[in-house]
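Single-letter residue listing:
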Amino acid sequence: MAGTAAHTDATDATATDGTDVTDVIVVGAGPAGLMLAGELRLGGARVTLLERLAEPTGQSRGLGFTARAMEVFDQRGLLPRFGQGPSLEVSPLGHFGGVQFDYTALEDAHFGARGIPQDQTEAVLEAWARELGADIRRGWEVAELAEGFLDGDHVEVTARTPEGVRRLRAAYLVGCDGGQSVIRKAAGFGFPGLPATRTMYLADVVGCGLKPRFLGERLAHGMVMAAPLKEGVDRIIVCPHGVPAQEREDTVTFAEVAAAWQRITGEDISAGGAQWVSSFSDAARQADTYRRGRVLLAGDAAHIHLPAGGQGLSTGVQDAVNLGWKLAATVRGTAPAGLLDTYHQERHPVGRRLLMNTRAQGIVFLGGEQSDPLRALFAELIDHDEVKRHLAGIVSHLDIHYDMTLPGTPPSPAPHPLLGHRLPKRPLTGADGESDTARLLHPARGLLLDLADNAALRATAAPWADRVHTVTATAKPSEGTTDVLTGLDALLIRPDGHIAWTSQDTPQSLPTALTHWFGPKRAA
């Protein structure tokens with residue numbers, strides 16, 4: 001197991017009126033919802049996850065995840081569950097809007113894990129969450145959200161289940177139920193943005209004998225992509241020009257997909273078939289806030305966009321990891337004032353930037369002949385290393401940075417470049433032998449890394465030992481990477497892997513940083 005929950009009692013209660021009572025209700029068993037369920041359990045919160053589907057569909061819109069999502073999974077000890085060898089191969093080459101370049105221009109960056117179907121990711125996360133004690137209920141569909149979630153002391157939902165109608169009550173509710181989120185609509189979240197302008201298709205086809213088109217082929221009537229998944233099965237994406245946007249509540253047929261493929265490529269694949277087909281659009285919308293009272297949103301429920309580079313799944317997973325420890329601390333009563341509000345403050349700008357970069361890629365890649373000058377300009381700019389590093393940071397999500405300014409503390413005139421960024425994986429040597437920065441984050445607790453064997457530092461942090469683990473270690477040189485820990489005597493890392501304080505940034509402010517992120521110190 002990747003870690004154990006700090007709070008071992010995962011059992012929900014039942015009120016006298018028959019209502020199920022828990023700490024947090026999560027709706028939606030996609031990657032964001034499952035990751036959040038596991039994170040909440042690691043933080044000691046009871047969680048009930050409701051999923052309307054009785055069984056997973058087996059469909060996999062996503063086929064991998066970004067470099068930062070790989071780091072997140074590594075920080076919970078989950079990467080070995082995805083397998084070894086080819087299933088976890090990463091490619092140094094990626095693209096931005098179809099313009100290919102080498103992502104390793106940015107240290108630690110790559111185009112992410114390729115060829116891992118989303119249903120495998122969901123299976124890994126569901127098994128992990130169940131092991132940690134999450135109560136996952138399939139075939140439970142939320143029918144109604146009770147009033148009072150804005151200013152009351154709990155939230156309550158009614159769900160249709162195989163055994164009939166049931167009520168559930170919790171301190172908080174999180175909608176992870178996708179782009180058509182029932183929770184977002186029921187709780188009255190605004191969802192501004194741009195409507196869809198075109199309809200596109202996605203399918204896993206069989207018996208079609210397609211040539212690979214890994215980066216896509218742009219033709220007069222649209223763009224197509226094709227990649228072999230296994231013998232006789234190809235993943236295709238079909239983006240025809242001139243097909244108006246539709247609200248697709250009906251089932252897309254293989255005949256529609258085959259007709260669009262033939263119109264664009266001239267190839268007739270109608271004699272083949274499909275394991276599944278789906279449609280998507282270029283709509284770009286984001287919830288106006290990620291929290292309304294006791295209801296929060298994560299993943300596609302909070303932001304929808306053109307799929308580009310596996311960023312949707314990866315952003316949802318990172319939403320969950322940012323939210324999980326904060327929400328768990330809130331329901332357990334250890335969170336400092338305002339901690340839960342930092343979820344919106346930190347992740348809403350990330351979602352906004354996600355919509356920006358996917359829209360830009362759509363214009364470059366799918367804009368037809370009128371986008372050719374822009375595409376040519378991108379190809380010229382990408383020849384410059386600085387541009388490569390910038391774009392690699394955007395799409396890999398390694399450039400995500402949070403404001404770690406402490407209240408009442410003047411900002412450092414020269415903050416350490418790691419402050420607010422994620423902690424890269426680096427090897428360490430300590431009293432317990434060899435380790436690394438990712439392994440130390442497996443339990444999803446705060447981490448104070450003492451790199452100078454400083455007894456006074458450890459004594460300062462001792463009153464937070466129930467929430468922050470202090471480790472004394474020495475950074476080891478890592479071949480082929482920059483030693484980012486050089487010159488640092490200590491750093492404080494949040495459970496999500498982002499650095500909240502370093503010894504270079506006003507060293508005397510460590511108690512302030514511990515209090516700001518992890519609450520008041522424990523009474524002696």
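Up top is the structure.
Everything in this summary refers to the structure shown in the same document.

What counts, and where the lines are drawn
Residues numbered from 1 in each chain as written. Predicted model: local features only at pLDDT ≥ 70, side-chain atom pairs only at ≥ 80, totals over all residues. Heavy atoms only, no water. Phe/Tyr/Trp six-rings, centres within 6.5 Å; stacked < 30°, edge-to-face > 60°. Helix = DSSP H or I, 4+ residues; strand = E, 2+ residues; numbered from the N terminus. Buried < 20%, exposed > 50% of the residue type's maximum accessible area, 1.4 Å probe, protein only. Lys NZ or Arg CZ within 6 Å of the ring centre and 35° of its normal. Contact = heavy atoms within 4.5 Å. Salt bridge = Lys/Arg side-chain N within 4 Å of Asp/Glu carboxyl O. Core = buried A, V, L, I, M, F, W, Y, C linked by side-chain atoms within 4.5 Å. 1 Å grid on protein atoms, 1.4 Å probe; cavity = no way out; pocket = protein on both sides within 12 Å on 5 of 7 lines; lining within 4 Å. Points joined across faces, edges and corners; volume = space filled by probe spheres on them. Nonpolar A, V, L, I, M, F, W, Y, C, P; charged D, E, K, R; others polar.

1. Quick notes on the packing of aromatic side chains
- Applying the stated criterion across every chain yields a total of 9 aromatic pairs.
- Their ring planes at 40° and their centres at 5.9 Å tell us that Trp 325 and Phe 518 sit as a pair that is tilted. A residue pair is termed long-range when its members are at least 10 positions apart, and Trp 325 in helix 6 (residues 311–332) and Phe 518 in helix 11 (residues 510–518) qualify at 193 residues.
- Under the relative-accessibility criterion, Phe 518 is labelled buried at 6%.
- An aromatic cluster is present here, built from Phe 65, Phe 73 and Phe 82 joined pairwise through their rings.
- The ring of Trp 517 has Arg 494 lying over it, and the distance from NZ or CZ to the ring centre is 4.6 Å.

2. Considering the environment of Gln 504
- Among the structural elements, Gln 504 can be located in the loop between strand 29 (499–502) and helix 11.
- For Gln 504 and Leu 229, which are 275 residues apart along the polypeptide, the C-alpha to C-alpha distance reads 48 Å.
- Ignoring any residue separated from it by four or fewer positions in sequence, one finds Gln 504 in contact with Ser 412, Ala 414, Pro 415, His 416 and Leu 488.

3. Things to note about the pattern of salt bridges
- Summed over the entire model, instances satisfying the criterion amount to 33 salt bridges.
- Ionic pairing is found between Arg 494 and Asp 496, a salt bridge with its closest N-O pair at 2.7 Å. Considered together, Arg 494 and Asp 496 belong to a single accessibility category, that of buried residues.

4. Overview of the nonpolar core
- Core analysis: the biggest nonpolar cluster contains 70 residues, and Met 35, Leu 40, Phe 65, Phe 73, Leu 173, Val 174 and Val 295 have the highest contact counts within it.
- Excluding residues that lie within four positions of it along the chain, Phe 65 makes contacts with Met 70, Phe 73, Phe 82, Phe 111, Gly 112, Ala 113, Arg 114, Ile 116, Thr 121, Gly 310, Leu 313 and Ser 314.
- Listed in part, the 23 residues of the second largest apolar core include Leu 406, Ala 461, Ala 513 and Phe 518.

5. Describing the layout of surface pockets
- In this structure, the second largest pocket spans a volume of roughly 410 Å³.
- Gln 345, Glu 346, His 401, Tyr 402 and Asp 403 are, among the 24 residues lining the second largest pocket, the residues nearest its centre.
- The set of elements that each furnish at least two residues to the lining of the second largest pocket consists of helix 6, helix 7 (341–366) and helix 11.
- Here the lining of the second largest pocket gets 9 residues from one element, more than from any other, and that element is helix 7.
- In terms of residue class, the lining of the second largest pocket is built from 9 nonpolar, 10 polar and 5 charged.

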